[in-house]
Every structure is written in C-alpha cells, then in structure tokens.
Amino acid sequence: MCMAILKKVEQTMMALNGDEAVAWAVKQSNVDVVSAYPITPQTIIVERISEFVNNGEMDAEFIHVESEHSALSAAWGAALAGARAFTATAANGLALMWEILYITASTRTPVVMAVVNRALSAPINIHNDHSDTMGARDSGWIQIYSEDAQEAYDNTIMAFRIAEESLFPVMVTLDGFTISHTLQNVSVLPDDVVSEFVGVRRIPRIKLPRIHGDKEIPLMLNPKYPITFGPLDLYDYYFEHKVQQNEAMKETFPIIERVHREFGEISGRSYDPVFMVPYRTEDADVVILGLSSTMSVVRKIVDDLRSEGKKVGAIRLRVFRPFPADHLRKELSEFHAVGVLDRCISFGGEGGPLFTEVRSALYGLPSRPIVHDYIYGLGGRDLPHSLIRKIYEELLSARAEPEVPVVRYVGVRE
Amino acid sequence: MSTWRPDIKELARKEMQTRPFESGHRLCAGCGAPIIIRQIMMAARKPVVFVNATGCVEVATSIFPYTSWNVPWAHNAFENAAAVGSGIEAARKKLFMAKRFENDPDVELDYDVVVLGGDGGTYDIGLQAISGAFERGDKILYVLYDNEAYMNTGIQRSGGTPFGARTTTTPVGSVIKGKVQFKKPIVDIMVAHRIPYAATVSSAYWNDALVKFRKGFEAEGPVFIHAFSTCPLGWGSETAETVKIMKLAVETCVFPLYEVENGQYKLTGPSLAIAKNPDRKKPVEEYLKLQARFRHMFRPENKWMLERFQEWVDREWELLLKKAGF
Ligand SMILES: Cc1ncc(C[n+]2csc(CCOP(=O)(O)OP(=O)(O)O)c2C)c(N)n1
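Because the structure is a prediction, the values reported are computed rather than measured.

Draft legend 1. Looking closely at the packing of aromatic side chains. Evaluated as defined, the whole model comprises 23 aromatic pairs over all chains. A ring pair is formed by Phe197(A) and Phe263(A), whose centres lie 5.6 Å apart and whose planes are at 70°; its orientation type is edge-to-face. One end of the pair, Phe197(A), is in helix 8 (residues 191–198); the other, Phe263(A), is in helix 11 (residues 252–267), with 66 residues separating them in the sequence. Side by side, Phe197(A) and Phe263(A) carry an identical accessibility label, which is buried. Measuring from centroid to centroid gives 4.9 Å for Tyr237(A) and Phe64(B), while their planes differ by 80°, and the two rings are edge-to-face. Of this pair, Tyr237(A) sits in the loop between strand 12 (228–229) and helix 10 (238–250) while Phe64(B) sits in the loop between helix 3 (56–61) and strand 2 (73–75), on two different chains. Taken together, the ring pairs connect Phe163(B), Phe182(B), Phe294(B), Trp304(B), Phe309(B) and Trp312(B) into an aromatic cluster. The ring of Phe197(A) has Arg161(A) sitting right over it, with the charged end atom 4.6 Å from the ring centre.

Draft legend 2. Summary view of the site of the ligand. Inspection of the region around the ligand gives 18 residues, with Cys56(B), Asp119(B), Gly120(B), Tyr145(B) and Met151(B) positioned closest. The residues that come close to the ligand belong to more than one chain, namely chains A and B. At 2.8 Å from an oxygen atom of the ligand is found a side-chain nitrogen or oxygen belonging to Asp119(B). Asn152(B) has a polar backbone atom sitting 2.9 Å from an oxygen atom of the ligand. Protein chains bury 78% of the 580 Å² of accessible surface belonging to the ligand in isolation. Ranked by residue count, the leading element in the shell around the ligand is helix 5 (residues 119–124) of chain B, at three residues. When grouped by side-chain class, the residues that make up the shell around the ligand number seven nonpolar, eight polar and three charged.

Draft legend 3. A look at the sheet that holds strand 15 (residues 286–291) of chain A. Residue and element names in this part refer to chain A. Taken in spatial order, the six strands of this open sheet run 14-16-15-18-19-20, and their pairing is mixed. At either end of the open sheet lies a strand with only one pairing partner, and these are strand 14 (276–279) and strand 20 (407–410). When strand polarity is set aside, the average angle formed by the axes of neighbouring strands in this sheet is 25°. Inspection of the sheet shows strand 18 (residues 337–342) paired to strand 19 (residues 370–376) by six bridges, in the parallel sense. For Ala337, the partnering residue across the bridge sits in strand 19 and is Ile370. Its contacts with the sheet put helix 12 (residues 294–307) on strand 14, strand 15, strand 16 (312–317), strand 18 and strand 19, and the angle it makes with strand 16 is roughly 165°. Together, strand 15, strand 16, strand 18, strand 19 and strand 20 form the strand contacts of helix 14 (residues 353–362), whose direction differs from that of strand 18 by roughly 150°.

About the cut-offs
Residues numbered from 1 in each chain as written. Chains lettered and ligands numbered in written order. Predicted model: local features only at pLDDT ≥ 70, side-chain atom pairs only at ≥ 80, totals over all residues. Heavy atoms only, no water. Phe/Tyr/Trp six-rings, centres within 6.5 Å; stacked < 30°, edge-to-face > 60°. Helix = DSSP H or I, 4+ residues; strand = E, 2+ residues; numbered from the N terminus. Buried < 20%, exposed > 50% of the residue type's maximum accessible area, 1.4 Å probe, protein only. Lys NZ or Arg CZ within 6 Å of the ring centre and 35° of its normal. Near = heavy atom within 4 Å. Polar contact = N/O pair within 3.5 Å; in protein donor to acceptor, adjacent residues only side chain to side chain. Areas by Shrake-Rupley, 256 points an atom, 1.4 Å probe, with all protein chains shown as cover. Nonpolar A, V, L, I, M, F, W, Y, C, P; charged D, E, K, R; others polar. Pairing = 2+ DSSP bridges. Axes fitted to C-alpha atoms, helices over the stretch in contact; angles between N-to-C directions. Contact = heavy atoms within 4.5 Å.

Right, here's the structure in full:
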C-alpha cells in the first residue's frame, strides 16, 4: 500500500503474481549472479528468472545449486567477488541456510534474498506464516515485509540499493500463496528507469593500512589487492566486532529512508513513512499492529468500524530489522490499547516475536498503551473479518490493568 | 595437457619474492598442509583466489588481526567451500565478460579459483556441495588436504580415517580397537562425476605434485586433487619425519600416486615404478610403525589388524593397477 502518488511516470500495468513481480524486479536490476534452489511457494521466482536468462532477456549467471545451503554460499562468494547477487527461498530452505545467514551478514556482504514466507516443518505445511523469517530475525539481515505484489516488486528493487549502500544483506519477504500465487495488477517501471536507479554494483573502497598502506582498495576478492575475508576472531576482538555490527545496523535507518525517497521520485510510489504505515490513527483509541498482507484486510475492518463510530486504526510495520523502536514509541504511546498480530509462535516464550519486541520498546515510556498479543494464521489458517472485529472489540474494552494472559490465539479450534 | 616442467629453483626464488603464503602461520611443526599450499601457489599459472573450508588450515592462518594470505582468501563455513568457489567463479566470469572493471587498474579478473578443504570438509560434510559443483562443471580446482581425521576439533574420525587408526572417537577399547571401517574411495567418487582431471599428490614428490597442480589449473572444468597430508599431532609421528612418512605412504601403496585424465587412470612417479617392478612395494608395517595411532596394531593379539590393513592395501592396489591398464 503506497501512501501517495507523487507524479505520473510511464509504467506498464502487468498482471503478475507476487513471485513473478519479484522475478521482474530481479530481471530489471542488473543482477550479475543468481543462485537458487526451488521450494514452494518460492519456486515461481526461480522458474521465471531461469526463463529470462535462457531467453537472453537477462544477462546473469544462473547457478543451479544443489541445496539452499549452497545457494546462499554461492551468492556470498559471488557478492564477495564483486557481483550483484540474488537468491530466493522459503521456510525449510531458509532454515537450511541458517548458518550462512549469520556469515553473510557478519561479513557485511550485500546479498539480496526474497523469502516467500511459509510455515516451518513439522508437520510439513506449505502455507503462510512467519515462523521462517522470524527465526532469522537475529541473524543480522535487514528485513522488509511486503504487503502485496506491487510492494514485493518495489521492495526488491530498493533492496539492491539498500544492501549495497549499507553493506548489509537484505531479506524481502512476501506472504506465501496470499501474495506469491495470486494475480495482481502491478505497475512495472521501464527497464532503463530501474537499471538507472539501481546502477551496476559499485564496489566500496577501503583502507587496510597494515597491508596495503594508504591506498584505497576495492572491497572485493581481487588479486591486485588481496583481502582476507572470514577469518578466525577470538575473544580479543569478536565482541567488539559484534557491537560494531549492531551499531552499523542502526545506521541503516537513514539509508533505508533515502532509498525509499529516491524510489518514490522515479516510481511515483511513495513509501512514507517507511518503517510503519499508519491507517486512520490520528484520533484512534486502539490500533492493531501487524505485518504483511493481513493488514490490508485489517484496514477494511477499520473502515467498517469507523462507519459505526468506533475510533480504531491500524499500523503496518514494513521494516522489522532494524527494529524501528523509536518510531514505534512515538507512534504508539498515546493509544489506549494496541493489539499485536503475530503470525508466528515462539515456543515457550511470552508471546510472539513482534509482541515481545513491541512491548519491550514501550516499557520505558511514562504513559504507555495496553498491549495484547494475537497469534493467528499459523500454517495458512484464515483470519476472517469476524475475528478481526472481535480483536478490536476486545481492545476497545481492555482495562488499564491488562488481564492475564495477554497472549491469545485467534482462529484456533479448542 | 600441460607440457610444463617446474624449475624448482626458479619457483622458489619467485616464491621468496612474492610470498603468497607467509611464514608465521600457526600450523603445527611438521604439518603437511602448508607444504601443499605452497606447492599449489608455485604451480599456479595465473593469480589465484583461495577459498578455505573450516578446519586446521583456516583457523591457523587467519587469526584476526593477522593473516598468512597474500592472495585473496575467503572462508565461509565448513561444508560449503565448493559452493562458495562456484559463486566466485560465476561472478568472475560474468564481470570479466561484461568488462565491468576494464577501466579500473586496481582490479584483476583473470584468476583461477582454488578451493581447499580437509578430509572432514570433503569426504563428509562438504561432499554434497562438491558433487553439485562438479555436476555443474564449475571451473574450480578443489584440493583435499587429507590428514585423515577431524584435526581442528581434536582428532575425531572422518570418512577419510584409515582402518585401525586410533582417534578420539575411535579409541582403542577392550572390545573395539580403533576405526572399524576403511577409507572412503574419494577419488573414484569424484572421478564418477566425469570431471576432466583428478589426481593424488604427495608433497614429498615435488615434481609430480607441481605438474599435477598445474594440469589441474589448465583443465577445462572442475578438478579434484587429493593431497596427502601428515599430521604429527593426530598421528603421533615425529615432526621431522613428515616427508619420510609421506614417502612411505607412497612406497607401501597406502597412498599411490596417479592421475585420471578424462576417466583414464595413469600411475605416476614412484607408483608407476612399483607397478613395473612389484618388488619395490614395501610392507605396510614400515609406514604404520612410525605413527602412534597404529601402535596397538603391533601388539601380538592385534596382528590380524595389520593383516587386514595389508589385505586392503593390496586389494585397492590391484584395483588401481587394473584401472591403469596393468
Ligand atoms: C557445521 C559444522 N559442524 C562442525 C564444525 C566443527 N568443525 C570445525 S573444523 C572441523 C573438522 C575439520 O576437519 P577436516 O576437514 O578434516 O580438517 P582438519 O581440521 O583436519 O585440517 C569440525 C568438525 C563446524 N565448523 N561446522
């Protein structure tokens, strides 16, 4: 859901499903190397990219790896060697990459990956929830959640810029089947406009005084100026490096914002605010905060309830990592109650991952809203309108002293 | 293939000047791996980019803020070095063809990708990624330095550990004595991928090793080189005897030297000499007795272990002779 149309640029309206929208973005973004392994519901992305490459419509090397573990490993190697690298996966594929997620982020390697959100086994289930990317939340990747196919397209294009300017890998997520497999009208920018926006991969230059003196050298695998990537780092440096990595991640906020602003200028689709998108919140008493495609349904219920005179609103979080805690504190402090939608369970935890994070961000405020957690939609379970209404009703009547438990399951049979 | 003949003196001089692999690394005295690395560097025809799987070599040569590598070097994880190599080679090819850095005098894209893994990273956990890279035909030179156990984590058995050997996970107990299984035939497994070139090398035979590495670089497609690598700590051998042990492994046919060009097995160096003159084949005891990991096999009640070891070596040698046309 883009907030405003800035200006009209000539774009083609195409009927694409979310996976195809991602593939189109990759095709237009001067990607040098794609390595990927199929998994439902991501498969269409790699199928379309294969077609583009095999038809000569896309000038990239496609590495048909034998596993997701190798998919990310090869993308890492390619990015380190100076290429713009892309891969895509879902659920078990992402879980198989777990080790390499951390390595990619901690070596500050700008890989872009589309993750089509899907429930994790067992039992095996191909439908949507966020257990896969939430499991990867601490791995050091920027995570941008898309609401629809248009956003999946836009986010993928922006991701290349964000990754390369911040030196962080970026995960663009889209909900399995809900977005990946349903057709939508997607405004597709002209090839040359995207190509110019993303440019070709530029290699930053750094100084390594002890090895290469004062010379600024390209940060890549390069025999002219060799660099050692991925060394052993013991207790004398590791901690500092991790703290630096975390601080660097916080510095990506302005980069993410700037890239969105510049993208708005070429596409006419403005994502402002970038990190969380409010809907009818100005005078709202209570809001539902959540991620991805579910929030378009929630907005519909907001409209219904507003017409009944109820002061409700909604906020969609677009960027979950880095976590925009400051934005959230500003946005949420005045509400009576906030219902957090978590499409993920944290076994043995005190609520889902979004809830614990939101509550933790708000805890220090002198005045803060009541926060309830609503875990929903696991394994593709529907969240009908009636249940969203019920959540709003609960929030409207929530007492200042929150009832226990504050964590509920909505849409589950007892 | 290559008609290149190494001039050791000339190469040594060049190495002293460029020092692609610096001294001062923290590998053990007597470790076979650094010799292999230096031989790879000497045989290189172009600049190289090194990919290293997790293991002794990786941890001992890259302890931040130091590095032993004067060539571009990348370590990602234990089981994926071949996949990383594939990614680098794909990027190199793409950027080279797109003339991406043509006007940048600071970037070189005409290089060869070397992937280095231990026996654990090759026989076991990394096998899938290597198989994938070989099936795709990605041009990487994969070098296995085989010290026959997981040394970095403290001498546990691997698929490359020989029969009878004592490791910390195959201890010599009262019931089970050392490793029960024989070594996995890793070269045959790799050759079955129909790669253009595979070979075994022992650093004790410089000339043979350098020529094979060079052939590996020149081959059009993926290459597998199995380099034998003594580990004084894990094997319980004398540091000064590394080269002697590497020689004896060849002379006893425990580790024969051969190459496989497009599926054709060919014995080389001393192994070829033994094939022509079987009297030269030494008994395995001569090799085994220099290593504490086999000491229990010399006890009278465990004589059967020596016999089994010898039988296995003889059988494998016969198979190899057949494959090489003897
Ligand atoms: C996924 C994974 N499992 C286990 C380890 C622990 N580990 C690090 S190095 C190593 C053994 C390496 O053995 P090998 O490949 O034979 O090389 P060597 O150390 O003997 O030279 C192991 C088990 C790891 N790094 N990653």
